[in-house]
Every structure is written in structure tokens, then in C-alpha cells.
Amino acid sequence: MDTTLNHPPAKRRPVNLTIREDILKEAKALKLNASQAAETGIILAVKRAREMEWLKDNQEAIHAHNKRVDKTGTLLIPIWVGD
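Report on the accompanying structure. (Residues numbered from 1 in each chain as written. Predicted model: local features only at pLDDT ≥ 70, side-chain atom pairs only at ≥ 80, totals over all residues. Heavy atoms only, no water.)

**Quick notes on the overall build of the chain**
Right, so step 1: Along the chain, the regular secondary structure elements total three helices and zero strands.
Right, so step 2: Element order for the chain, N to C, with α for helix and β for strand: α-α-α.
Right, so step 3: Here the chain has a C-alpha radius of gyration of 22 Å; the compact-globule value for 83 residues is 12 Å, and the former is much larger.
Right, so step 4: C-alpha extents for the chain along the principal axes are approximately 60 × 30 × 30 Å.
Right, so step 5: Looking at the chain residue by residue over its 83 residues, the buried ones come to 4%.
Right, so step 6: Just so you have it, the chain exposes about 8,300 Å², and 58% of that area is on carbon and sulfur atoms.
Right, so step 7: Charged side chains in the chain number 14 positive and 11 negative. The centres of these two groups are separated by 5 Å. (Helix = DSSP H or I, 4+ residues; strand = E, 2+ residues; numbered from the N terminus. Rg over C-alpha atoms; globule rule 2.2 N^0.38 Å. Buried < 20%, exposed > 50% of the residue type's maximum accessible area, 1.4 Å probe, protein only. Areas by Shrake-Rupley, 256 points an atom, 1.4 Å probe, with all protein chains shown as cover. Lys, Arg positive; Asp, Glu negative; His and termini not counted. Charge placed at Lys NZ, Arg CZ, Asp CG, Glu CD.)

Structure representation (C-alpha cells):
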């Protein structure tokens, strides 16, 4: 599933959503496409959930890396650090 905002056209299907009336009213007043806005929101929610899942799945490796950097420093010294 492509979760980028610049995704190619894909097959669409109708779904039922429940949206607060005040938000829908304001969206219509601003001439926003509610379906497109909902899809964008879902794409962003999926992306965020996958990011959180990745962080959870890789927590041990991230902790080990940070521990190593704290102990031995970075592998490379950035050029802006100086001599």
C-alpha cells in the first residue's frame, strides 16, 4: 500500500464515514473535497502508525546504537567540529 501523498492513481471504492457536522460544514464552505481530505488524513495516519511500529520494532537496536555512541562516540567526526 502506497502511503505517500504523491501516489499514483489507484482503484477507489465508496465507504461510509462518520464526520463531525461542524467540520464537514466548514470544509464545504471552503469548497474542499471531503473525500480527498479524508483520504489524505488516512494516508498520514497510516504513515504515522507505521513509523511508530518501526520505532517499537527497532527499539532494541536504537538503544544499542545510542549506547555505543555514548561510549565510543560517532564513527565519523563532522567537519564542523574542528581540530
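Alright, that's what it looks like, and here's the rest.
**Some remarks on the environment of Asp70**
Right, so step 1: On the secondary structure map, Asp70 appears in helix H3 (residues 59-72).
Right, so step 2: Here the alpha-carbon distance between Asp70 and Lys31, two residues 39 residues apart in the chain, equals 52 Å.

**Comments concerning H3**
Residue pairs three or four apart in sequence face the same way in an α-helix, which turns once every 3.6 residues.
Right, so step 1: The first and last C-alpha atoms of H3 sit 20 Å apart over 14 residues, in line with the 20 Å expected at 1.5 Å per residue.
Right, so step 2: Two residues or fewer after H3 comes Gly73, characterised by a positive phi angle close to 85°. (Expected span 1.5 Å × (residues − 1).)

**Some details on the environment of Met52**
Right, so step 1: One can find Met52 in helix H2 (residues 34-57).
Right, so step 2: Measuring from C-alpha to C-alpha, the distance between Met52 and Val81 comes to 32 Å, with 29 residues separating the pair along the chain.

**Structural notes on unusual backbone geometry**
Right, so step 1: A positive phi angle, close to 60°, is found at Lys31, a residue other than glycine.
Right, so step 2: Relative to the elements of secondary structure, Lys31 occurs in the loop between helix H1 (21-29) and H2.
Right, so step 3: You can call Lys31 exposed: its relative accessible area is 76%.

**Looking at a nonpolar patch on the surface**
Right, so step 1: Taken together, the side chains of Val15, Leu17, Ile19 and Ile23 define a hydrophobic patch exposed on the protein surface, amounting to about 350 Å² of accessible area.
Right, so step 2: Mapped onto the elements of the fold, Val15 is located in the segment before H1.
Right, so step 3: Residue class for Val15 comes out exposed when judged on its relative accessible area of 51%. (Patch = residues over 30% accessible without salt bridge, like charges linked within 9 Å, V, L, I, M, F, W, Y side chains within 5 Å. Salt bridge = Lys/Arg side-chain N within 4 Å of Asp/Glu carboxyl O.)

**Structural notes on the pattern of salt bridges**
Right, so step 1: Here the structure, examined in full by the defined rule, presents four salt bridges.
Right, so step 2: Its salt-bridge partner being Arg12, residue Glu39 comes within 2.5 Å of it at the nearest N-O pair. Residue Glu39 is found in helix H2, and its partner Arg12 is found in the segment before H1; the two are separated by 27 residues along the sequence.
Right, so step 3: Exposure remark for Glu39: the relative accessible area of 27% places this residue in the partly exposed category.

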